[in-house]
Amino acid sequence: MKRFLSTGKMFAYESSLANYPLDNLEVYFRKYIHSLKPFFSESQLQETQKSIENTLSQHGPEVFEALLHKNQNHKNHVDEAWFSSQSYSQRESLLESNFSMTFSYDRGFPSARDGCNAAGMFCSGLLEYRQLIKSQNLKPDIIGTNLVYDMSQYNYLFGVSRIPMKKSDKLATWKDSQHLVVFRNNSVFLVPAFDYNGQPLPSKTLEIMFRKVCESAQTEERVPVSMISLDQRDKSAELTQHLESLSEQNRKNLELINSAICTISIEDNVVQDPEELYNNIYSGTGKNRWLNKSMHAVFFANGTGGLSFEQSQSHGILFHKAIHDIYYKIFEQLKTKATLQPTIPEPVKLEFTYDEKFLKLFAESQTRVNDFLNKLTSSTRRFESYKRLSDVFKVIPPSSLMQLSFQLAWHKKFNEPLLAAEIVEQRNFYRGKWDFLRVCTPEIKHMCETLCSSSSQSQKLQALKEAINSHYSSAKEVIYGRGIDTPLWAVQKQAEEMGFELPVFKDPLWEQSKKFLLSTMFFGNSNVSFGQAPFEHKGLGSFYSFQDPFVTLTVTGSEQSLIPPKEWASLVMAAMKEIQDLVTQ
């Protein structure tokens, strides 16, 4: 609670943030080769080593000097424009990149009577939280006593949209937005968020307006226009541009949606089952979801709900932290007497006009989206740990326990190492974003082989200890900016900027080693379901959190996944039990 109620200048420590680290090329290449060893043959590694030597003898040092100069002048040589270009040039549906999160694993929104009540409380807390960000009075994120985090990503939580364009999208921001947009039964409503004096509306007023929306949209509109945000980006751009061209009102309506502080869906169905809840937040039927927004909130009739967020500029973990702060503000509001505005503003329905061409394009788009949704599968499971987690974590860190369980489960199923990546936040650096931890190392591969053999218990325990140390060491390097993927990607982008094509990035193992069959992220001590589509269509996304004595695991996949999400979740929990037994014997 202290974090929300106490205020402070958001960027007070910005000047003290460390530069993003820049080691020499030989260090990065040595780590890169080590990460390849579990997966590729000696002859393949020799070819990659030759490409590294050619890089170092050609333009590699020149590229590195350019990065060093950029780092010294800007504190972060990983150009933000490179991140944006990579994100916005991706042409697949945002269903494949947006994150989704439930407010709780198995409960409704705190103290909510129903969806409108939950939405009113949430939006009231959100508006006050946004005011802290706008005034730069949000207290800086400080971990422990002295680890300060970069706060710049908070500026992209609200009033931000990713606008679909041909070839590459663009980011649009509205810092002074004064409204919300609500989707209900394929209708779209503009809801004021501030009174005539510029003050945020209280939760009770917002709740009344949301109820008026529900009363006005009791039957389903013919065209679920929001689905244009779910299609492949080039197709979404085509639909959006054609819709805008039909009338000035259409253009203004789309701008009102995109410029909203956030978008909201208020559904009339009751959703309680944790797995069904996550699936409905993640995609639902595809209707009444506006994925272009940085934040889209969904509320169901019984008060359950969650968020979907486009995270090209703000990392998913940031939204989770923001929601916790919003909760605290809501709890404070519940202690005070509810108030109403003297005059309650009226929601305004946004009416669109369509022509035959749009309806034809939209029908084709709806078919594509539905086909994609039908192929998606997911599983949200909460397991009670076989051992007390507090005891287990004394000998193995939480993320190591889960990552080694992933690796062991995969090895038992397929008898091969798992190409997996864990998303790691790097806001401890100036304008830091995130990087991937390449999980499987030679030591972890050896652990899997040993645990699946007839080796003695002491040999298995020794292999496990070496794997734990290997994972801990690798994770620490990525946390402190000395990983593999982002540093080498920066070298690649800088070389391209200078007109060079370095041999190491033409080597086939560079692309092959990034085809992660498992994408993962640790969500800390939390009671939410949280996930994202897998990086590869035949792979899985596995996102996890611990809240003693429970482990929550959310797995996403598709029909092409090598293993169904439910089976994978069960295998992972069995592997975790085996590791827990070994470390606590």
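Look up: the structure comes first, before these words.
I will try to describe carefully the structure that is included in this document. (Residues numbered from 1 in each chain as written. Predicted model: local features only at pLDDT ≥ 70, side-chain atom pairs only at ≥ 80, totals over all residues. Heavy atoms only, no water.)

Section: the pairing of strand β8 (residues 263–266)
Right, so step 1: Burial along β8 is two-sided: the residues T263 and S265 and I264 and I266 are all buried.
Right, so step 2: Judged from the four bridges that link them, β8 and strand β9 (residues 296–299) form a sheet pairing that is parallel. Each bridged residue has a counterpart across the sheet, and for S265 the counterpart in β9 is V298.
Right, so step 3: Note that the unit made of β8, helix α10 (residues 274–282) and β9 has a crossover that is right-handed. (Buried < 20%, exposed > 50% of the residue type's maximum accessible area, 1.4 Å probe, protein only. Helix = DSSP H or I, 4+ residues; strand = E, 2+ residues; numbered from the N terminus. Pairing = 2+ DSSP bridges. Right-handed = clockwise from strand over helix to strand, strands pointing away.)

Description of the packing of aromatic side chains
Right, so step 1: All told, the structure shown has 30 aromatic pairs when counted by the stated rule.
Right, so step 2: Their ring planes at 15° and their centres at 6.5 Å tell us that F352 and Y354 sit as a pair that is stacked.
Right, so step 3: With 4.4 Å between their ring centres and 40° between their planes, W410 and F414 make a pair best called tilted. Of this pair, W410 and F414 both sit in helix α14 (residues 398–414), four residues apart, which is roughly one turn of the helix.
Right, so step 4: The ring of F550 is capped by R382, whose NZ or CZ atom sits 4.4 Å from the centre of that ring. (Phe/Tyr/Trp six-rings, centres within 6.5 Å; stacked < 30°, edge-to-face > 60°. Lys NZ or Arg CZ within 6 Å of the ring centre and 35° of its normal.)

Focus: the sheet that holds β9
Right, so step 1: Strand order in the open sheet formed by eight strands is β11-β7-β6-β8-β9-β10-β1-β16, and the pairing between neighbours is mixed. Edge positions in the sheet fall to β11 (348–349) and β16 (530–531), since each of these pairs with one other strand and no more.
Right, so step 2: Sheet analysis places strand β6 (residues 179–184) next to β8, joined by three bridges and oriented parallel. Looking at the pairing, V182 lines up with I264 of β8.
Right, so step 3: Across the face of the sheet, helix α6 (residues 115–134) comes into contact with β6, β8, β9 and β10 (305–309) while running at roughly 150° to β9.
Right, so step 4: Against the sheet, helix α7 (residues 203–216) engages β6, β7 (187–192) and β8, with an angle of about 160° to β7. (Contact = heavy atoms within 4.5 Å. Axes fitted to C-alpha atoms, helices over the stretch in contact; angles between N-to-C directions.)

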